[in-house]
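Overview (structure and organization)
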Protein chains: 2
Amino acid sequence: MLSKDLKVVFKKCGIKNTVQRQAVYNFLLKESAPISAEYIYMELTKTESESMNLSTVYRILDLFTRKGLVLKSNLQADGKSTYEMNHMEHRHHLVCVKCNSIVPIKGCPLSDYEKRLSESTHYKILEHHLEILGICPKCQE
Amino acid sequence: MLSKDLKVVFKKCGIKNTVQRQAVYNFLLKESAPISAEYIYMELTKTESESMNLSTVYRILDLFTRKGLVLKSNLQADGKSTYEMNHMEHRHHLVCVKCNSIVPIKGCPLSDYEKRLSESTHYKILEHHLEILGICPKCQE
DNA sequence: ACGCAAATGCAACTGATTTGCATTTGCGTT
DNA sequence: AACGCAAATGCAAATCAGTTGCATTTGCGT
């Protein structure tokens, strides 16, 4: 994505356009899998073309999450939070535990379920995170 | 549960029977919701009848988790891990984003879905992680 | 180009969890 | 029933992810 477009995206959210925010945004755009703040920081500082600080990454991710640009998840077994682009389209992924490939799943198996769950528990259901693990056809051979 | 029975449970797992392990085990048995190590420690030390150290609680929970007696989860928004008895039954939880309380959900909405998914994608489905976020009745007021 | 609020960098802090090490305890053996 | 030793515990210090205070820098409306 061109930085010109990003400027518009940020403006729409009422936040300033900075090199660091562009870097994080563009990095998340390239990644299809949810990733940690640490990982983003590491990758962005590899190429020392831009200044980037770990706490800045955290602050940016937090901001993006609050603005709805990014989705945060605490599901990881190692305790680290992960972040991914919010494509505004509710989507889940099928992850291969052998090759770590990720494919999106068509449709959400929980759309009806949430309605029923809400009725039975009286919770106001906001969202859910689902990740399905398996072995892809290739890796089964 | 009587300590006599616990001795047998521990022996079956090949671990020593200690007062601390009994205390943690019995405490988890009483709790239906997943709870934090900190909480277990606080409650157990309230009644100063037994010696108990926070790192011991962590070590015991880790041991129990490795032995399959206990299920560990990192899905808390506040970053704390939670633990619950492993009743050997696949279970998901509903988390309140306001007060971080957790309640188990009866049944898994994905059991049938996984079978269909496996057929359509030719993946061998191994497991899934699901986290449902909402606002509990109390926090909606 | 100016000025100021917002963003960043840095270092210090926090809170959860882990670890090293000295002491204690459980438990199989004598 | 006491012995010995590996395993478990207590304690304090360390670690790790994430946050925060503050001085400096930067974006952007004027």
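Residues numbered from 1 in each chain as written. Chains lettered and ligands numbered in written order. Predicted model: local features only at pLDDT ≥ 70, side-chain atom pairs only at ≥ 80, totals over all residues. Heavy atoms only, no water.

Okay, the layout of surface pockets next. All names here are of chain A. Quantified by volume, the largest pocket comes out at close to 930 Å³. Lining the largest pocket we find 35 residues, and of these A33, P34, E84, H93 and E131 sit closest to its centre. Looking at the lining of the largest pocket, the elements that each hand over two or more residues are β2 (70–73), β3 (82–85), β4 (92–96) and β6 (124–135). Tallying contributions element by element places β6 first for the lining of the largest pocket, with six residues. For the lining of the largest pocket, the two domains that each supply at least three residues are domain 1 (3–85) and domain 2 (92–140). (1 Å grid on protein atoms, 1.4 Å probe; cavity = no way out; pocket = protein on both sides within 12 Å on 5 of 7 lines; lining within 4 Å. Points joined across faces, edges and corners; volume = space filled by probe spheres on them. Helix = DSSP H or I, 4+ residues; strand = E, 2+ residues; numbered from the N terminus. Domains from an automatic or database assignment.)

Around DNA strand C sit 20 residues in total, of which T18, S51 and T56 of chain A together with Y58 and K80 of chain B are the nearest. Counting only atoms of DNA strand C within 4 Å of the protein, the sugar-phosphate share comes to 68%. Here a phosphate oxygen of DNA strand C sits 2.7 Å away from a polar atom, N or O, in the side chain of T56 of chain A. Within the surface near DNA strand C, the residues separate by chemical class into four nonpolar, nine polar and seven charged. (Near = heavy atom within 4 Å. Polar contact = N/O pair within 3.5 Å; in protein donor to acceptor, adjacent residues only side chain to side chain. Nonpolar A, V, L, I, M, F, W, Y, C, P; charged D, E, K, R; others polar.)

With that settled, the discussion passes to the packing of helix α3 (residues 37–46) of chain A against helix α4 (residues 54–67) of chain A. Residue and element names in this part refer to chain A. Between α3 and α4, the shortest axis-to-axis distance is 9 Å and the interhelical angle comes to 125°. Regarding the angle of α3 to α4, the classification is oblique. Judged by the sense of rotation from one axis to the other, the crossing of α3 with α4 is right-handed. Here α3 contributes A37, E38, I40 and Y41 to the contact with α4, which in turn contributes L54, V57, Y58 and L61. (Axes fitted to C-alpha atoms, helices over the stretch in contact; angles between N-to-C directions. Parallel < 35°, antiparallel > 145°, perpendicular 65-115°, else oblique. Left-handed = near helix turned anticlockwise from the far one by under 90°. Contact = heavy atoms within 4.5 Å.)

Further remarks concern the protein's contact with DNA strand D. What surrounds DNA strand D is a group of 20 residues, the closest being N17 and Y58 of chain A together with T18, S51 and T56 of chain B. In DNA strand D, atoms within 4 Å of the protein come 69% from sugar and phosphate. A distance of 2.9 Å separates a phosphate oxygen of DNA strand D from a polar backbone atom of S81 of chain A. Secondary structure elements with two or more residues in the surface near DNA strand D: α1 (3–13) and α4 of chain A together with α2 (19–30) and α4 (54–66) of chain B. It is α4 of chain B that provides the largest number of residues to the surface near DNA strand D, a total of four residues. Its residues assigned to classes, the surface near DNA strand D shows three nonpolar, nine polar and eight charged.

Okay, helix α5 (residues 111–121) of chain B next. Residues and elements named next belong to chain B. Those residues of α5 not exposed but buried are Y113, E114 and L117. Angular distribution of buried residues about the axis of α5 spans 100°; they occupy a single face of the element. Among the exposed residues of α5, those pointing more than 90 degrees away from its buried face are D112, K115, R116 and E119. Following α5 by one or two positions, H122 adopts a phi angle in the positive range, close to 65°. (Buried < 20%, exposed > 50% of the residue type's maximum accessible area, 1.4 Å probe, protein only. Arc of directions from axis to C-beta.)

Right, let's talk about the relation of the copies chain A and chain B for a bit. Structural alignment of chain A on chain B gives an RMSD of 2.9 Å, achieved by rotating through 176° and translating 1.3 Å along the axis. Classification of the inter-copy transformation places it as that of a two-fold axis. (Least-squares fit on C-alpha atoms with pLDDT ≥ 70 in both.)

For the rest of this paragraph, the subject is the interface of chain A and chain B. Contact residues are listed per partner, giving 37 residues for chain A and 35 residues for chain B. In total, about 3,000 Å² of surface goes out of reach between chain A and chain B, with carbon and sulfur atoms giving 67% of it. Considering only the side of chain A, the residues that lose the most area to chain B are N74, Y123 and L133 of chain A, jointly responsible for 21% of the buried surface there. For the pair chain A and chain B, the interface holds zero salt bridges. Elements represented by at least two residues in the side of chain A that touches chain B include exactly β4, β5 (102–105), α5 (111–121), β6 and α6 (137–140) of chain A. Sorting elements by how many residues they give to the side of chain A that touches chain B places β6 of chain A first, with 12 residues. Split by residue class, the side of chain A that touches chain B holds 20 nonpolar, 12 polar and five charged. Sheet topology places β6 of chain A next to strand β6 (residues 124–135) of chain B; 11 bridges connect them, and they run antiparallel. (Buried area = accessible area lost by both parts, 1.4 Å probe. Salt bridge = Lys/Arg side-chain N within 4 Å of Asp/Glu carboxyl O. Pairing = 2+ DSSP bridges.)

None of this, on its own, says anything about what the molecule does.
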